[in-house]
Amino acid sequence: MAKQPDSDSFLDMFSRFGRDLKVPNVEAILAHHRKNLEALERSARAGAAGATSLLSRRREMLQDTLREVSDMAQSYKAPGNPQELMTKQAEFARKSFEAALKNAGEVAELVKKSGTESVEILRSRIKEAMEEIRSGYDKK
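Thresholds, definitions, all that
Along each chain, residue indices are assigned from 1 in the same order as the chain's sequence is written. Thresholds applied to this predicted model are a pLDDT of at least 70 for local features of residues and 80 or more for the giving and counting of side-chain atom pairs; totals over whole chains, interfaces and linings are not thresholded and use all residues. Side-chain metrics in this entry use all non-hydrogen atoms of the structure; hydrogen atoms and water are not considered. Numbering of helices and strands runs from the N terminus; a helix is a DSSP stretch of H or I covering at least four residues, while a strand is a stretch of E covering at least two. Each residue is placed in one exposure class: buried if its accessible area under a 1.4 Å probe, protein chains only, is under 20% of its type's maximum, exposed if it is over 50%, and partly exposed if it falls in between. For every accessible area listed, the method is Shrake-Rupley and the probe measures 1.4 Å; residues are considered covered only by the protein chains on display. When a carboxyl oxygen of Asp or Glu is within 4 Å of a side-chain nitrogen of Lys or Arg, the pair counts as a salt bridge. Along the chain, pLDDT gives the predictor's confidence residue by residue, from 0 to 100. When checking whether two residues touch, look at their non-hydrogen atoms; a contact exists if any pair is within 4.5 Å. Here a polar contact means two N or O atoms within 3.5 Å. Within protein one must be a hydrogen donor candidate and the other an acceptor candidate, and residues neighboring in sequence count only if both atoms are side-chain atoms.

Caption draft 1: Fine view of the overall build of the chain. Each helix and strand in the chain was counted, giving three helices and zero strands. For the chain, the succession of helices and strands along the chain, N to C, is α-α-α. Residues classed as buried in the chain amount to 16% of the 140 residues present. Accessible surface for the chain amounts to roughly 11100 Å². Of this, 61% is attributable to carbon and sulfur atoms.

Structure, rendered in structure tokens:
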């Protein structure tokens, strides 16, 4: 028996096995599962793209925060009275808190978008698969 090439995919091997055993509708079964695997791949890619986008944005946020702290430290000079010191510290705390809230909201939106996109790909494939199954039963 001739050696098969190592580059055969699992689906190719299963297809050949099904034809050898004369399994009815093996190509239709494989086409169905090929679509499932493609949907999983698209979903994983969408999730990975979302994670990359999120990490990139988080890095930008950290750089912005470090730049602001650095600017504040460079422009900082000891105030003459405690009232002025408290005012500067309160202003810095307020700006930091507002930035943290804004960043948290943006991160939450990125996570939501990424998850929604990934899940929507799978949801769409599930609907298609159900239609394929229904049409298969209608033919019988």
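Caption draft 2: Fine view of the pattern of salt bridges. Overall, the coordinates contain 12 salt bridges when judged by the stated rule. In this structure, the salt-bridge partner of Glu-132 is Arg-125, at a minimum N-O distance of 3.1 Å. Residue class for Arg-125 comes out buried when judged on its relative accessible area of 4%. A salt bridge links Arg-134 to Glu-131, with the nearest nitrogen and oxygen atoms 2.7 Å apart.

Caption draft 3: Examining the confidence of the model for the chain more closely. Mean pLDDT for the chain: 82, with 89% of residues reaching 70 or above. Summarising per-element confidence for the chain, the mean pLDDT is lowest in helix α1 (residues 10-20) (74) and highest in helix α2 (residues 26-75) (87).

Caption draft 4: Seen up close, the side chain of Ser-43. Along the chain, Ser-43 turns up in helix α2. If sequence neighbours within four positions are ignored, Ser-43 has contacts with Ser-118, Ile-121 and Leu-122.

Caption draft 5: Structural context of the environment of Leu-37. Assignment of secondary structure puts Leu-37 in helix α2. Residue class for Leu-37 comes out partly exposed when judged on its relative accessible area of 47%. The spatial distance from the C-alpha of Leu-37 to the C-alpha of Arg-125 is 9.8 Å, given a sequence separation of 88 residues.

Caption draft 6: Representation of the side chain of His-32. With respect to the secondary-structure elements, His-32 resides in helix α2. We classify His-32 as buried; its relative accessible area is 18%. Side-chain polar atoms of His-32 contact the side chain of Glu-132, separated by 2.5 Å. Apart from the residues lying within four places of it in its own chain, the contact partners of His-32 are Arg-125, Ala-129 and Glu-132.

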